[in-house]
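The residues making up each chain are set out below.
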Amino acid sequence: MVDRDTLVRILELGRWAPSGDNTQPWRFEIAEDGLIRIHGFDTRDEVVYDFAGHASHIAHGALLETLRIAASAHGCDASWVLRPDGDDRQPVYELHVRRAEGLVVDPLFPFIEQRVVQRRPMRTTPLTAEQRRALAASVGDGYELRLFETFSARAAVARLLWDNALIRLTCPEAFEVHRQVIEWGARFSEDRIPEQAVGVDPLTARLMRWVMKSWARVDFFNKYLMGTVAPRIQLDLLPALGCAAHLCLIARQRPATMVDYVGAGVAMQRLWLTAHAVGLHLQPEMTPVIFNWYASAGHSLSRKAGIDDRVRLLAGRLGSLLGADAAGGLVVMCRVGVSSPPASRSTRKALAGLMLERNGAGRH
Ligand SMILES: Cc1cc2nc3c(=O)[nH]c(=O)nc-3n(C[C@H](O)[C@H](O)[C@H](O)COP(=O)(O)O)c2cc1C
């Protein structure tokens, strides 16, 4: 039997799994020796980017894979099943952790804590054949990894991201999210993104902080002072050109169920950890993927006139870039490149704050 102390150590590492805006949409319960219950949730009601909970489900997959890799370092096998009494909004995963004679430690284990998002421009040094091979192999047979490497291919993705960013920055629903997820003035943040990891220079950050006090200020800046230009150059254009490649993770079978998105999260986390293993940094670029989900489902992203038309237009452009079939299976977009580690990063809530209290409190 795997005792509680070992399960705690596995959970301590699992906490380092990535989640959209560092929301950590999970709470843990050690049900008995050898059994961890993970109470997942999603943020679809509050966060415009969490369309149908997909982004949270991807994060759950990243967490489950991280726990599996962490368990391997303790000579344990960890496999999960979904409890039938949960639902898409509050899935409960039961992780069975068992000693496994002769189990090899997963080679991605050393990178669990090192893995980090790099939002600043990276070097444009091309990928080596070995890096390309490792990245492609990391995602498994169920996924295709499409690479955009040449300058013109990266520029095509940069144009798409530039136009996506206009939606992101002019949409009131997204503004509500942005102002809650940035911890201003911070280098590290336990439950959000620290200002210094956002990827803008200190002057722009100060201006953003002031402007983002109200939607009226944002709207005024956007309309009359070209307020989207500086952040788009720093957050989208320069990083999109400053990388070795953009990667599209495409499910060979179009995802349909929650478990399909959890599976995509497993693949994403293996890709991200592998990027570190071969000396690269990575940044997810999820807005085109998310806007594509809205457009494909025919759902409205914003109450603001004109935004939904733009979302549909951009989904069409994504379709032209990838082909309609592949765009339907697109689950993750990201960029990779060589860079020094970021000086600022999100940390995590303490494990005690992530343990589910018996009365069900403590979710947030
Ligand atoms: C499903 C998902 C979507 C994400 N989307 C983005 C994104 O579009 N842009 C970005 O810069 N980071 C994105 N991230 C990265 C998270 O913001 C990051 O993982 C989190 O803040 C924790 O920081 P860390 O990865 O450096 O530990 C995403 C992560 C996940 C799991």
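Predicted, not measured: the structure shown is a model, and the values here were computed from it.

### Here we look at the overall build of the protein chain
Of regular secondary structure, the protein chain possesses 14 helices and 12 strands. Over its C-alpha trace the protein chain gives a radius of gyration of 20 Å, about what one expects of a compact globule, namely 21 Å for 364 residues. Summarising its shape, the C-alpha atoms of the protein chain cover approximately 65 × 50 × 40 Å along the three principal directions. Per-residue burial over the protein chain gives 44% buried out of 364 residues. Contacts in the protein chain between residues far apart in sequence, at least 24 positions, make up 77% of those at least 6 positions apart.

### Overview of the site of the ligand
Lining the immediate surroundings of the ligand are 20 residues, of which Pro18, Asn22, Pro284, Met286 and Ser346 lie closest. The set of elements that each furnish at least two residues to the shell around the ligand consists of α2 (54-72), β10 (281-284) and β12 (345-346). There are two domains that each give the shell around the ligand at least three residues, and those are domain 1 (4-114) and domain 2 (129-345).

### Observations concerning the environment of Ser189
As for its position among the elements, Ser189 is in strand β7 (residues 188-189). Distance in space between the C-alpha atoms of Ser189 and Arg345 is 7.1 Å, their sequence separation being 156 residues. Excluding residues within four positions of it along the chain, Ser189 makes contact with Asn22, Glu183, Pro194, Ser346 and Thr347.

### Notes on unusual backbone geometry
Positive phi is not limited to glycine here, since Ala52 has a value of about 55 degrees. With respect to the helices and strands, Ala52 occurs in the loop between β2 (35-40) and α2. The residue Met226 is not glycine, and still its phi comes out positive at about 50 degrees. Residue placement: Met226 occurs in the loop between α8 (215-224) and α9 (229-241).

### As for helix α12 (residues 307-322)
Taking 1.5 Å per residue as the helical rise, α12 with its 16 residues ought to reach 22 Å, and the 23 Å between its terminal C-alpha atoms agrees with that figure. What α12 keeps buried is the set Ile307, Val311, Leu314, Leu318 and Leu322. Angularly, the buried residues of α12 cover 70 degrees about the axis, an arc narrow enough to put them on a single face. What points out from α12, more than 90 degrees from its buried face, is the exposed set Asp309 and Ser320. Of the surrounding elements, those touching the buried residues of α12 are β5 (143-148), α4 (151-170), β9 (245-251), α11 (287-297), α13 (324-329) and β11 (330-337).

### Notes on the domain arrangement of the protein chain
What the domain assignment lists for the protein chain is domain 1 (4-114) and domain 2 (129-345). Look at where the C-alpha atoms of domain 1 and domain 2 centre, and you get two points 23 Å apart. Domain 1 puts 27 residues into the contact, and the matching count from domain 2 is 30 residues. If one sorts the elements of the side of domain 1 that touches domain 2 by residue count, α2 sits on top with 11 residues. Residues belonging to the side of domain 1 that touches domain 2 are distributed by class as follows: 16 nonpolar, eight polar and three charged.

### Notes on the sheet that holds β10
Strand pairing within a sheet occurs via backbone hydrogen bonds; the two strands may be parallel or antiparallel. Spatial ordering of the open sheet is given by β5-β9-β11-β10, a layout of four strands whose pairing is antiparallel. The sheet is open, and its two borders are formed by β5 and β10, each paired with just one other strand. Direction aside, neighbouring strands of the sheet carry axes that sit 25 degrees apart on average.

### Structural notes on α11
Most of α11 is tucked away, with eight of its 11 residues classed as buried. Among the residues making up α11, those that are buried are Pro288, Val289, Ile290, Phe291, Asn292, Trp293, Tyr294 and Ala295. Tucked into the core, α11 has its buried residues touching α2, α4, α12, α13 and β11. One or two residues past the end of α11 sits Gly298, with phi positive at roughly 70 degrees.

### Points about the pairing of β2
Going residue by residue along β2, you find Ile36, Ile38 and Gly40 tucked away on one face and Leu35, Arg37 and His39 left uncovered on the opposite face. Inspection of the sheet shows strand β1 (residues 26-32) paired to β2 by six bridges, in the antiparallel sense. If you follow Trp26 over to β2, its bridge partner there is Gly40. Once β1 ends, the chain turns through two residues before running back antiparallel as β2, passing Gly34 with a positive phi of about 80 degrees. Of the strand pairs in this sheet, β2 and strand β4 (residues 92-99) are connected by five bridges, and their pairing is antiparallel. In the sheet register, Ile38 faces β4, and the bridge partner there is Tyr93.

### A closer look at the nonpolar core
Within the largest apolar cluster, 87 residues are counted, with the highest numbers of intra-cluster contacts made by Val97, Leu249, Ala264, Met268 and Val336. A total of 11 residues in this core trace back to one element, the largest contributor, which is helix α10 (residues 258-277). Not counting residues up to four positions away in its chain, the partners in contact with Val336 are Cys243, Ala244, Ala245, Leu247, Ala275, Leu280, His281 and Leu282.

### Let's talk about the packing of helix α1 (residues 4-14) against α2
Where α1 contacts α2, the two axes come as close as 8 Å, and the packing angle between them is 130 degrees. Our classification of the angle between α1 and α2 gives oblique. When the axes of α1 and α2 are compared, the crossing they make is right-handed. Where α1 approaches α2, its residues Ile10, Leu13 and Gly14 are matched on the opposing element by Leu63, Thr66, Leu67, Ala70 and Ala71.

### Quick notes on the sheet that holds strand β3 (residues 76-82)
Pairing is antiparallel in the open sheet, where four strands are placed in the order β1-β2-β4-β3. Across the chains shown, the open sheet's two edge strands, defined by having one partner strand only, are β1 and β3. Put simply, the sheet's adjacent strands are angled 25 degrees from each other on average, direction ignored. Pairing geometry for β3 and β4, over seven bridges, is antiparallel.

What counts as what
- Residues numbered from 1 in each chain as written.
- Predicted model: local features only at pLDDT ≥ 70, side-chain atom pairs only at ≥ 80, totals over all residues.
- Helix = DSSP H or I, 4+ residues; strand = E, 2+ residues; numbered from the N terminus.
- Rg over C-alpha atoms; globule rule 2.2 N^0.38 Å.
- Buried ≥ 20, exposed ≤ 12 C-beta atoms within 10 Å, placed from the backbone.
- Contact = placed C-beta atoms within 7 Å.
- Near = placed C-beta within 6 Å.
- Domains from an automatic or database assignment.
- Expected span 1.5 Å × (residues − 1).
- Arc of directions from axis to C-beta.
- Nonpolar A, V, L, I, M, F, W, Y, C, P; charged D, E, K, R; others polar.
- Pairing = 2+ DSSP bridges.
- Axes fitted to C-alpha atoms, helices over the stretch in contact; angles between N-to-C directions.
- Core = buried A, V, L, I, M, F, W, Y, C linked by C-beta atoms within 7 Å.
- Parallel < 35°, antiparallel > 145°, perpendicular 65-115°, else oblique.
- Left-handed = near helix turned anticlockwise from the far one by under 90°.

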